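Reading the structure
Letter by letter, the chains look like this.
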Amino acid sequence: AAAVGFLTVSSVITMSAPFFLGKVIDVIYTNPSEDFTYSLTSLCALLSGIFLCGAAANATRVYLMQTAGQRIVKRLRTTMFSSILKQETAFFDKTRTGELINRLSSDTALLGRSVTENLSDGLRAGAQASVGVGMMFFVSPSLAAFVLSVVPPLAVLAVIYGRYLRKLTKMTQDSLAEATQLAEERIGNIRTVRAFGQEVAEMEKYTNKVDYVLQLSKKEALARAGFFGATGLSGNLIVLSVLYKGGLLMGSAYMTVGELSSFLMYAFWVGISIGGLSSFYSELMKGLGAGGRLWELTERKPQLPFNEGITLGKDTFRGALEFKNVEFAYPTRPETSIFKDFSLSIPAGSVMALVGPSGTGKSTIVSLLLRLYDPISGTITVDGFDIRQLNPLWFRTKIGTVSQ
Ligand SMILES: Nc1ncnc2c1ncn2[C@@H]1O[C@H](COP(=O)(O)OP(=O)(O)OP(=O)(O)O)[C@@H](O)[C@H]1O
Ligand SMILES: [Mg+2]
């Protein structure tokens, strides 16, 4: 709220600047009298003071917005991370690590910026654009009407072009993400890649992906070049035509030099604000996309409970294990059944070894006992309690494992 207050102050001051500067110019042009120096000096001193306040308000606004944004990002990251860690094991079998890391690092930052800095810049640009247009009409209605008749068709063109550009940008980013994913997988599994002597083949695959990124980037660069060339040119042409029309008005004494200057400065402001508004819009869209992906994950309920259920007292917990008619398949490969009607009873206090060929499911038994996964049917009990009733967090502290 404070930030918005400062934003208003600094915007009001920035927006009044052209008006007062126009007055200064008029003073310079029309007052060759005795108190000319005095009135010019006092006007300039007053304006400097006002500008100083404006600068301070703007600086405070930027500081407040940025720190608020970072606080939001921090909170998003911590809730994200804890919600990721609480997901069931099968979730991690299905979701790529790189994707989760992306959510944590860039999506959170994007959303944080979008709802603070971007929002404040957008508000500012919107306010400035509307005030600027109003002031243009206030200073010279006929000139303003002229400008507004030229701008909308150009703006429509710019919007269409901007959309095309955005589509290209998205394609480039997607293909870059693909290349990065490939690199991440191969680097993460370098031992496998090396064992099969696939380094050269993988290098080629990566080069192909990156080549594609380059091709898209070239297309994007061309589009961008055209876009910026055209917008710069049309901006200058508009200024030129305003000068021409304004000069004519001035010649017929409808306008002073100061008014024309104010008008031009407002026109510039409006132009800049509209540019700001369009970048606000695209940032907002990005932020909304990131936000959607984030909510999807923070709102996701883990399929296995994380920290709920009963815990057994010291005297009831003995450690008698029983698997009864267990049927199981890994959620990622539901068609490959690992167990069908599997039963096993291990009395408390006994030592038992499970022996079998590789891939027959010995580690899977331990995973089921740890409740990393739930069986499709059948029960696993500890001292007569179904492990689905127990608090998994507590139960796992009672089990010691050494993985392969
Ligand atoms: N996370 C998983 N997702 C899908 N399938 C899996 C997963 N983990 C193991 N499997 C499959 O389940 C089957 C049993 O694997 P498990 O690791 O339990 O065997 P194991 O008896 O421990 O073998 P080893 O003696 O090699 O350790 C194998 O066919 C394996 O490919
Ligand atoms: Mg094993």
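Everything numeric here is computed off the predicted structure, so don't read it as measured data.

1. Brief notes about helix H8 (residues 199-251)
Between the first and last C-alpha of H8 there are 76 Å, a value that for 53 residues agrees with the 78 Å anticipated at 1.5 Å per step. For H8, the full list of buried residues reads Glu202, Val213, Leu216, Glu220, Ala223, Phe227, Val242, Gly246 and Leu249. Lining the buried residues of H8 we find helix H6 (141-188), helix H7 (190-195) and helix H9 (257-298). A positive phi of about 60 degrees marks Ala253, the residue just after H8.

2. Considering the state of the cysteines
Tallied over the full model, the rule gives 0 disulfides. Cys44 takes part in no disulfide bond, and the closest cysteine sulfur, belonging to Cys53, lies 16 Å away. By relative accessible area, Cys44 is classed as partly exposed at 33%. Accessibility expressed as a relative area gives 48% for Cys53, which makes it partly exposed.

3. Notes on the UniProt feature "transmembrane region" (unreviewed entry) in the protein
The feature "transmembrane region" (unreviewed entry), as given by UniProt, occupies residues 6-29, 36-57, 143-161, 221-243 and 263-281 in the numbering adopted here. A helix fraction of 100% and a strand fraction of 0% characterise residues 143-161, whose end C-alpha atoms lie 28 Å from each other.

4. Let's talk about the site of ligand 1
In the neighbourhood of ligand 1, 14 residues make up the surrounding shell, with Ser358, Lys362, Ser363, Thr364 and Gln404 lying closest. At 2.8 Å, a backbone N or O of Gly359 approaches an oxygen atom of ligand 1. Between ligand 1 and Lys362, the relevant distance is 2.7 Å, taken from an oxygen atom to a side-chain nitrogen or oxygen of the residue. Counting residues per element, the shell around ligand 1 draws most heavily on helix H10 (residues 362-369), at 3 residues. When its residues are assigned to classes, the shell around ligand 1 shows 3 nonpolar, 8 polar and 3 charged.

5. Looking at the pairing of strand S1 (residues 321-329)
As judged from the 6 bridges shared by S1 and strand S2 (residues 337-346), these two strands associate in the antiparallel manner. Looking at S2, one finds that Phe323 is bridged to Leu344. Judged from the 5 bridges that link them, S1 and strand S3 (residues 377-382) form a sheet pairing that is antiparallel. Residue pairing across strands places Lys324 opposite Thr379, the latter belonging to S3.

6. A short note on the nonpolar core
Judged by nonpolar contacts, the single largest core of 20 residues is most densely connected at Phe323, Phe342, Leu368, Ile380, Leu390 and Phe395. Elements represented by at least two residues in this core include exactly S1, S2, H10, S3 and helix H11 (392-397). Not counting residues within four places of it along the chain, the set of residues in contact with Leu368 comprises Phe323, Val326, Phe328, Phe339, Tyr373, Asp374, Pro375, Ile380 and Ile387. Val139, Val147, Val242 and Leu264 belong to the second-largest nonpolar core, a separate cluster that totals 15 residues.

7. Examining the pattern of salt bridges
Taken as a whole and judged by the stated rule, the model has 17 salt bridges. A salt bridge links Arg186 to Glu185; its shortest N-O distance comes to 3.0 Å. Take Arg186: its relative accessible area is 22%, and that puts it in the partly exposed class. What makes Glu185 partly exposed here is its relative accessible area of 29%. The residue Glu220 makes a salt bridge to Arg224 at a minimum N-O spacing of 3.3 Å. Taken together, the residues span about one helical turn, with Glu220 and Arg224 both in helix H8 at a distance of 4 residues. Each of Arg96, Glu185, Arg186, Glu202 and Lys205 takes part in one network of salt bridges that share partners.

8. Structural notes on the environment of Leu390
Secondary-structure assignment places Leu390 in the loop between strand S4 (385-386) and H11. Measuring from C-alpha to C-alpha, the distance between Leu390 and Cys53 comes to 64 Å, with 337 residues separating the pair along the chain. Every residue in contact with Leu390, bar those within four places of it in the chain, is listed here: Glu308, Gly309, Ile310, Leu312, Arg371, Val382, Phe385 and Phe395.

9. Some thoughts on the layout of surface pockets
Taken as a whole, the second largest pocket encloses approximately 720 Å³ of empty space. Lining the second largest pocket are 30 residues, and of these Leu321, Val366, Leu369, Ile399 and Gly400 lie nearest its centre. Of all the secondary structure elements, the ones that give two or more residues to the lining of the second largest pocket are S1, S2 and H10. Ranked by residues supplied to the lining of the second largest pocket, first place goes to H10 with 5 residues.

What counts, and where the lines are drawn
- Residues numbered from 1 in each chain as written.
- Chains lettered and ligands numbered in written order.
- Predicted model: local features only at pLDDT ≥ 70, side-chain atom pairs only at ≥ 80, totals over all residues.
- Heavy atoms only, no water.
- Helix = DSSP H or I, 4+ residues; strand = E, 2+ residues; numbered from the N terminus.
- Expected span 1.5 Å × (residues − 1).
- Buried < 20%, exposed > 50% of the residue type's maximum accessible area, 1.4 Å probe, protein only.
- Contact = heavy atoms within 4.5 Å.
- Disulfide = S-S within 2.5 Å.
- UniProt positions renumbered as here; feature names shortened; annotations may be inferred.
- Near = heavy atom within 4 Å.
- Polar contact = N/O pair within 3.5 Å; in protein donor to acceptor, adjacent residues only side chain to side chain.
- Nonpolar A, V, L, I, M, F, W, Y, C, P; charged D, E, K, R; others polar.
- Pairing = 2+ DSSP bridges.
- Core = buried A, V, L, I, M, F, W, Y, C linked by side-chain atoms within 4.5 Å.
- Salt bridge = Lys/Arg side-chain N within 4 Å of Asp/Glu carboxyl O.
- 1 Å grid on protein atoms, 1.4 Å probe; cavity = no way out; pocket = protein on both sides within 12 Å on 5 of 7 lines; lining within 4 Å.
- Points joined across faces, edges and corners; volume = space filled by probe spheres on them.

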